[in-house]
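The chain contents come next:
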Amino acid sequence: MNPSMRRPLVAANWKMHLVRAEARTFCRTLVGELGAPPAEVVVFPSFPLIDSVVDGLAGMPVAVGGQDLHPRASGAHTGDVSAQQLADAGCTWVLCGHSERRADHAEDDALVAAKAHAARAADLVPLICVGETGEQRKAGKTFAVLERQLAAVLGSEHGELDRFDLAYEPVWAIGTGETATPEIAQEAHAFIRSELARRLGDERGESIRIAYGGSVKPANAASLGAAPDIDGFLVGGASLDAESFSGIIAACGART
Ligand code: 13P
């Protein structure tokens, strides 16, 4: 990537892991390890952990985000959380359209787009996740899937999103240990970049970060991060341990 244009983004997606005592231990360790990070850093804990993480990372150059939100601002939606509630809890980011939400909760592209716009209405930055399944890749549909997923969030139904970043997370690489090679990931990132440029113009397309997610570890982060269109990482399993998460953050400093 071109460091002068895009600061890398490294985010921890804890999914449905950890309890408060573990979250506090993570924060203490991260505070000790972090120094001046060569990337923008975000932690996405489960809702009940947000308060502990916001407290535990207070004063650190680390933002906190929700893993999901409801597209409406408030209302009778048992079990859901609004953008405003996340912002009130100290979040500045939110994940939208993670493949586990798409699969477990049948979230479609239109809902993901609505969530991204709801996030912006509360001044949260949406980190919008896209990516194909293994079956779709085998069938040669990777670019078609990415194009469809992007069309919904970049489409005009709700107007243009004034701010967002993307995560390319091939579903076949999530939690499987089967990381995409830098070449495979770069090919998808370059395609996403070309779609951004086509729909939003070259300058804006160049400014949006595309993080990679799928079995990222300290050992493979530097080689993935050296690819020109990979602008950081969205990390699952390896983000549960503050030392390995710090190692992934540090790997972003290796590429210039
Ligand atoms: P893993 O790093 O565990 O493969 O998870 C990736 C992911 O889904 C992050 O959102």
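What counts and what doesn't
Residues numbered from 1 in each chain as written. Predicted model: local features only at pLDDT ≥ 70, side-chain atom pairs only at ≥ 80, totals over all residues. Heavy atoms only, no water. Buried < 20%, exposed > 50% of the residue type's maximum accessible area, 1.4 Å probe, protein only. Helix = DSSP H or I, 4+ residues; strand = E, 2+ residues; numbered from the N terminus. Pairing = 2+ DSSP bridges. Right-handed = clockwise from strand over helix to strand, strands pointing away. Core = buried A, V, L, I, M, F, W, Y, C linked by side-chain atoms within 4.5 Å. Contact = heavy atoms within 4.5 Å. Near = heavy atom within 4 Å. Polar contact = N/O pair within 3.5 Å; in protein donor to acceptor, adjacent residues only side chain to side chain. Nonpolar A, V, L, I, M, F, W, Y, C, P; charged D, E, K, R; others polar.

A word on the pairing of strand S2 (residues 40-44)
In summary, the side chains of a regular strand alternate between the two faces of the sheet. Most of S2 is tucked away, with four of its five residues classed as buried. Across five bridges, strand S1 (residues 9-13) lies against S2 in parallel orientation. Note on S2: the bridge partner recorded for valine 10 is valine 41. Handedness of the S1-helix H1 (residues 20-34)-S2 crossover: right-handed. This β-α-β element, S2 to helix H2 (residues 50-56) to strand S3 (residues 62-66), shows right-handed connectivity.

Some words on the nonpolar core
What tends to happen in soluble globular proteins is that the nonpolar side chains get buried as a cluster. Tyr212, Phe233 and Phe245 are the most contacted members of the largest nonpolar core, which has 66 residues in total. Ranked by the residues each element gives to this core, the list is headed by helix H8 (residues 182-200), at six residues. Discounting residues that sit within four places of it in the chain, phenylalanine 245 has contacts with Val10, Ala11, Ala12, Phe26, Leu30, Val41, Val42, Val43, Val235, Ala238 and Ser239. Leu9, Ala63, Trp93 and Ala167 belong to the second-largest nonpolar core, a separate cluster that totals 12 residues.

A short note on the site of the ligand
Around the ligand sit Asn13, Lys15, His98, Glu169, Ala173, Ile174, Gly175, Gly214, Ser215, Leu234, Gly236 and Gly237, and that is every residue in its neighbourhood. Histidine 98 is positioned with one of its side-chain polar atoms (N or O) 2.8 Å from an oxygen atom of the ligand. Separating an oxygen atom of the ligand from a backbone N or O atom of glycine 175 is a distance of 2.6 Å. Looking at the shell around the ligand, its residues break down into three nonpolar, seven polar and two charged.

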